[in-house]
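Below are the chains, spelled out letter by letter.
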Amino acid sequence: MKRFRNWLLEAVKGPRVGVLIASVWLVCLVFPVHSLLVLEDRVRCLVGLLALVLFVPVYLAGFRDLGGQLDAAGRRWQLLRGGFVLAVMGVLCWAIGLDAISLLPFLVTFASYGLWPPVRLPAVVVLVGSGFLMPVLMNEPDADNNAIMFITALVAVLGLLTVKTIESGIVISEQNRRRAALEQRERMARDVHDLLGHSLTVLTLKAEVAQRLVRVDPGAAEAELSEIIRFSRQALADVRATVTRLRTPDLASQVEASRTAFSAAAVRATIRGDARDV
């Protein structure tokens with residue numbers, strides 16, 4: 001199930017993929033087209049064919065984005081497209097009668113993919129229910145229509161399940177992204193905390209040394225103050241680099257800072273080698 005969800009997420013990443021998938025099903029328009037072409041009434045035939053020609057681009061436009069991801073303006077446009085698609089079916093009902101039911105799978109697919117909760121499920125239920133009621137109300141039971149309605153119901157179930165799987169995957173992906181961002185911020189906070197703690201400790205020690213030397217040996221005190229300025233600038237640069245993630249505090253700078261801290265605290269330490277070679 002997880003692999004299937006990941007595959008679906010990859011499939012719907014591009015805005016044209018939904019349109020491409022919907023285009024495959026346009027081959028099923030051969031049924032209403034055939035019903036129109038065999039009509040003796042040429043006016044009904046031409047009006048029906050014109051309605052189908054206009055239907056195709058509007059129908060495909062509804063698959064550019066998943067319904068649940070549309071903003072307010074996108075939802076208004078989607079409702080207009082849905083209304084137009086219903087109008088086309090109405091025209092076909094006028095032209096070819098109950099044979100227009102062959103367009104119902106397109107409407108169900110459009111509602112499943114293009115609409116959003118809580119509109120999606122009621123719309124699909126109404127469409128499927130209407131498809132089952134139409135032959136009964138028109139008193140024209142037909143085996144072909146029953147087969148179409150079976151296909152429509154199957155498309156509705158599969159469409160709803162597929163879209164639900166895609167939306168669940170999107171939610172999980174967003175949660176993972178937020179979790180990764182939170183972990184990165186926490187890691188950055190720890191790095192800054194460690195860096196500032198170490199740097200402030202060194203600066204405090206050197207400041208105390210400078211304070212002791214300021215009257216005894218002003219030259220040495222001045223040298224310590226210069227070291228404090230240099231080290232504070234380096235610490236500030238390290239903090240900025242850590243925050244911007246340009247680089248992390250490296251081993252060489254940490255060893256050098258430790259050497260300076262030991263020296264300021266009059267602690268004898270022997271450090272062999274060069275950390276830059278590690």
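Residues numbered from 1 in each chain as written. Predicted model: local features only at pLDDT ≥ 70, side-chain atom pairs only at ≥ 80, totals over all residues. Heavy atoms only, no water.

A. Structural view of the nonpolar core. In terms of nonpolar packing, the biggest core is built from 40 residues, with F55, Y59, L92 and L103 touching the most fellow members. Breaking this core down by element, the ones donating at least two residues are α2 (17–24), α4 (42–61), α5 (72–96), α6 (104–114), α7 (120–137) and α8 (143–216). (Core = buried A, V, L, I, M, F, W, Y, C linked by side-chain atoms within 4.5 Å. Buried < 20%, exposed > 50% of the residue type's maximum accessible area, 1.4 Å probe, protein only. Helix = DSSP H or I, 4+ residues; strand = E, 2+ residues; numbered from the N terminus.)

B. Up close: the environment of D99. For D99, the location among the structural elements is in the loop between α5 and α6. Between the C-alpha atom of D99 and that of H34, which follows or precedes it by 65 residues, the distance is 10.0 Å. Within polar-contact distance, the side chain of D99 engages the side chain of S35 at 3.4 Å. (Polar contact = N/O pair within 3.5 Å; in protein donor to acceptor, adjacent residues only side chain to side chain.)

C. Representation of unusual backbone geometry in the model. Cis geometry is adopted by the peptide bond preceding P118, which originates at P117 and carries an omega value of 0°. When you line up the elements, P118 lands in the loop between α6 and α7.

D. The arrangement of the side chain of Q78 in detail. Tracing the sequence through the fold places Q78 in helix α5. At 2.9 Å, the side chain of Q78 and the backbone oxygen of G62 are in polar contact. Those residues in contact with Q78, other than ones at most four positions away along the chain, are G62, D65, L70, F110, G114, L115 and W116. (Contact = heavy atoms within 4.5 Å.)

E. Highlighting the packing of α5 against α6. Contact geometry of α5 with α6 gives a least axis separation of 10 Å together with a crossing angle of 170°. One finds that α5 runs roughly antiparallel with respect to α6. Note on element contacts: α6 touches α5 through L104, L107, F110 and G114, opposite Q78, R81, G82, V85, L86 and M89. For the contact of α5 with α6, the per-class residue count stands at six nonpolar, three polar and one charged. (Axes fitted to C-alpha atoms, helices over the stretch in contact; angles between N-to-C directions. Parallel < 35°, antiparallel > 145°, perpendicular 65-115°, else oblique. Nonpolar A, V, L, I, M, F, W, Y, C, P; charged D, E, K, R; others polar.)

F. Representation of the packing of aromatic side chains in the model. This model, assessed by the stated rule, comprises six aromatic pairs. Each ring, one from F55 and one from F106, has its centre 5.8 Å from the other, and the planes form 90°; the classification is edge-to-face. Taken together, the residues span a long stretch of sequence, with F55 in helix α4 and F106 in helix α6 at a distance of 51 residues. With respect to class, F55 is no different from F106; both count as buried. By way of ring pairs, the aromatic residues F55, Y59, F63, F106, F110 and Y113 are connected into one cluster. (Phe/Tyr/Trp six-rings, centres within 6.5 Å; stacked < 30°, edge-to-face > 60°.)

G. Local environment of α4. In a regular helix each residue adds 1.5 Å, so 20 residues correspond to 28 Å; α4 covers 29 Å between its end C-alpha atoms and thus fits that length. Along its length, α4 reaches its greatest deviation from straightness, about 30°, at F55, and the proline P57 lies no more than four positions downstream. What α4 keeps buried is the set C45, G48, A51, L52, F55, Y59, L60 and A61. By the N-cap criterion, in which a side-chain oxygen at the helix start approaches the backbone nitrogen of a residue two or three places on, α4 is capped by D41, the distance to V43 being 3.0 Å. (Expected span 1.5 Å × (residues − 1). Bend = angle between axes of the 7 residues up to and from the residue.)

H. Structural detail: the pattern of salt bridges. Going through the model one piece at a time under the given rule, you end up with six salt bridges. A salt bridge links E174 to R178; the nearest nitrogen and oxygen atoms lie 3.1 Å apart. Of the two residues, E174 and R178 are both situated in helix α8; the distance of four residues between them amounts to about one turn of the helix. The partly exposed category is assigned to E174, whose relative accessible area is 30%. Given the relative accessible area of 54%, R178 is considered exposed. Here E224 ties to K206 by a salt bridge, and the two come within 2.9 Å at their closest N and O atoms. (Salt bridge = Lys/Arg side-chain N within 4 Å of Asp/Glu carboxyl O.)

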